[in-house]
Amino acid sequence: MTVPLSTWLQTQHSDMRQMLGNIAGACKVISNAVARAALSGAQGDAGSGNIQGEEQKKLDIISNDIMLNWAGACGHFSAMASEELDTIVQCNPQGRYLLVFDPLDGSSNVDVNISVGSIFSILRAPEQTPTEADFLQTGRQQIAAGYALYGSSTMLVITTGTGVHGFTLDREIGEFVLTHPELTIPNDTREFAINASNSRFWEAPVARYIDECVAGKSGPRGENFNMRWVASMVAEVHRILIRGGVFLYPKDSAKPNGKLRLLYEANPMAMIVEQAGGASSTGQQLTLDVQPSQLHQRVPVMLGSKNEVARLIRYHE
Ligand code: AHG
Ligand code: MN
Ligand code: MN
Ligand code: MN
């Protein structure tokens with residue numbers, strides 16, 4: 001029986017239903033903007049930089065505006081924060097929630113037609129006007145998290161704390177349809193994802209783990225592992241949700257806190273991964289337990305099949 005997102009959302013309380021419904025709408029519009037970029041002149045750099053020191057793509061800014069407008073229209077967010085905005089933006093003073101998002105994840109891939117995505121996280125808002133400090137909540141305080149993957153199909157993957165559910169966009173009816181209920185990550189895997197060009201910077205526990213993965217039949221892990229690296233976190237996490245795996249963006253001598261941002265990459269993905277039976281760690285602690293200190297702070301990320309993350313945590317002890 002086909003279950004459209006709008007029907008599944010009936011299982012959620014009305015605020016959540018409206019917030020997720022609007023976010024889903026934003027993801028449909030972003031999906032179209034990404035798919036049509038070469039036709040609409042939206043490829044390439046915007047000629048501006050973000051607070052992360054990154055060169056912004058035109059689509060980073062286009063996606064950011066779409067998310068701000070579509071999510072803001074539901075009226076439930078009192079403030080929002082984005083990878084592409086230096087600081088928070090005030091929305092509806094009556095709103096009881098905060099939205100944090102990465103409007104276009106993996107945007108270095110967008111001009112070469114490799115999968116990109118959007119990542120979002122919903123937190124509770126304070127009674128009074130939100131400040132940046134109100135966003136500095138641990139990942140355990142998220143009430144919902146999800147991502148859209150603009151790949152060979154466009155998918156929306158959501159958790160509100162009772163499992164992880166995947167919806168595929170049926171363009172003929174313009175609706176996301178439940179295609180992957182109760183996504184769960186296999187506990188074991190033979191597939192790892194890391195940017196191996198950073199290997200000269202790795203710390204000993206990461207170097208040991210990767211060496212063991214690639215040591216082949218004579219090594220301690222026996223048969224070979226496969227390596228994957230898409231350079232879009234959303235694509236890597238989705239692959240892991242479907243068939244298992246472990247994804248690492250660790251800290252190293254060149255990036256003392258790793259590369260990925262806690263509030264709108266690591267935390268939403270960690271909630272999804274834990275809800276799907278996997279694990280996510282910084283190497284020192286579980287991602288969801290990290291107490292944020294800055295809006296755009298970076299954390300090391302090791303997430304995926306729980307037995308592999310447990311091994312990595314042991315190597316870091
Ligand atoms: P974003 O495009 O939102 O800035 O995120 C890119 C991130 C993440 O999606 C990906 O896993 C990682 O950067 C890739 O990093 P490298 O380019 O260093 O491989
Ligand atoms: Mn970026
Ligand atoms: Mn990102
Ligand atoms: Mn981004």
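What you see is a predicted model, and the numbers here were worked out from it, not measured in a lab.

Rules used in this analysis
- Residues numbered from 1 in each chain as written.
- Chains lettered and ligands numbered in written order.
- Predicted model: local features only at pLDDT ≥ 70, side-chain atom pairs only at ≥ 80, totals over all residues.
- Heavy atoms only, no water.
- UniProt positions renumbered as here; feature names shortened; annotations may be inferred.
- Helix = DSSP H or I, 4+ residues; strand = E, 2+ residues; numbered from the N terminus.
- Buried < 20%, exposed > 50% of the residue type's maximum accessible area, 1.4 Å probe, protein only.
- Contact = heavy atoms within 4.5 Å.
- Polar contact = N/O pair within 3.5 Å; in protein donor to acceptor, adjacent residues only side chain to side chain.
- Axes fitted to C-alpha atoms, helices over the stretch in contact; angles between N-to-C directions.
- Parallel < 35°, antiparallel > 145°, perpendicular 65-115°, else oblique.
- Nonpolar A, V, L, I, M, F, W, Y, C, P; charged D, E, K, R; others polar.
- Donors = N, O, S within 2.8 Å, 3.2 Å for Na, K, Ca; no water.
- Salt bridge = Lys/Arg side-chain N within 4 Å of Asp/Glu carboxyl O.
- Pairing = 2+ DSSP bridges.

Engineer: Looking at this structure, how should I read the UniProt feature "binding site: Mg(2+) 2" (unreviewed entry) in the protein chain?
Structural biologist: Mapped onto the present numbering, the UniProt feature "binding site: Mg(2+) 2" (unreviewed entry) falls on Asp 102, Asp 105 and Glu 265. Spatial clustering of the annotated residues is evident: they stretch over 164 residues in sequence, but the largest pairwise C-alpha distance comes to 8.5 Å. For Asp 105, the location among the structural elements is in strand S5 (residues 97-105). By relative accessible area, which is 4% here, Asp 105 ends up buried. The residues touching Asp 105, leaving out its near neighbours within four places in the chain, are Val 116, Gly 117, Ile 119, Ser 232, Met 233, Val 234 and Glu 265. Within the secondary structure, Glu 265 sits in helix H7 (residues 262-275). Excluding residues within four positions of it along the chain, Glu 265 makes contact with Asp 102, Asp 105, Ile 119, Met 233 and Leu 260. Looking at Glu 265, its side chain comes within polar contact range of the main-chain nitrogen of Arg 261, at 2.7 Å.

Engineer: What exactly am I supposed to notice about the packing of helix H6 (residues 233-243) against H7 here?
Structural biologist: Two packed helices can be described by the angle between their axes and the distance between those axes. At their nearest, the axes of H6 and H7 sit 11 Å apart, and the two run at 10° to each other. One finds that H6 runs roughly parallel with respect to H7. Contact residues: H6 offers Met 233, Val 234, Val 237 and Leu 241, while H7 offers Glu 265, Ala 266, Met 269, Ile 272 and Val 273. Split by residue class, the contact of H6 with H7 holds eight nonpolar, no polar and one charged.

Engineer: Teacher, can you tell me more about the coordination of the manganese ion (ligand 3) here?
Structural biologist: Geometrically, a metal with four donors at the corners of a regular tetrahedron has ideal angles of 109.5 degrees, and one with six donors at the corners of a regular octahedron has ideal angles of 90 or 180 degrees. At 1.9 to 2.1 Å from the manganese ion (ligand 3) lie its protein donor atoms, namely Asp 102 (OD), Asp 105 (OD) and Glu 265 (OE). In the primary sequence, the donor residues of the manganese ion (ligand 3) line up as D-x2-D-x159-E. Here the manganese ion (ligand 3) and the manganese ion (ligand 2) are spaced 5.4 Å apart. In this pair, Asp 102 is assigned in strand S5 and Glu 265 in helix H7, connecting sequence segments 163 residues apart. Overall, Asp 102 belongs to the buried group, its relative accessible area being 1%. Taking relative accessible area as the criterion, Glu 265 reaches 1% and is therefore assigned buried.

Engineer: Sorry, what's going on with the pattern of salt bridges here?
Structural biologist: Between side chains of opposite charge, a pair can form when the charged atoms approach closely. The final tally for this structure, using the stated rule, is 16 salt bridges. Between Asp 289 and Arg 140 there is a salt bridge, and its shortest N-O distance comes to 2.7 Å. Placement of Asp 289 in the loop between strand S14 (279-281) and strand S15 (301-304) and of Arg 140 in the loop between strand S6 (116-124) and strand S7 (144-150) is noted, with a sequence separation of 149 residues between them. Classification of Asp 289 by relative accessible area gives partly exposed; the value is 39%. When its relative accessible area of 41% is taken as the criterion, Arg 140 is described as partly exposed. Here Glu 212 and Arg 208 are joined by a salt bridge, their closest N and O atoms 3.1 Å apart. Placement of both Glu 212 and Arg 208 in helix H5 (residues 204-213) is noted, with a separation of four residues, approximately one turn of the helix. Given the relative accessible area of 12%, Glu 212 is considered buried. Through salt bridges with shared partners, one network takes in Glu 191, Arg 228, Glu 236, Arg 239 and Arg 243.

Engineer: I would appreciate a short explanation of the pairing of S6 in the present structure.
Structural biologist: Each regular strand displays side chains that alternate between the two surfaces of the sheet. Across the nine residues of S6, eight count as buried, placing the element largely inside the fold. The sheet contact formed by S5 and S6 spans seven bridges and is antiparallel. Within S6, the position partnered with Leu 99 by the bridge is Ile 122.

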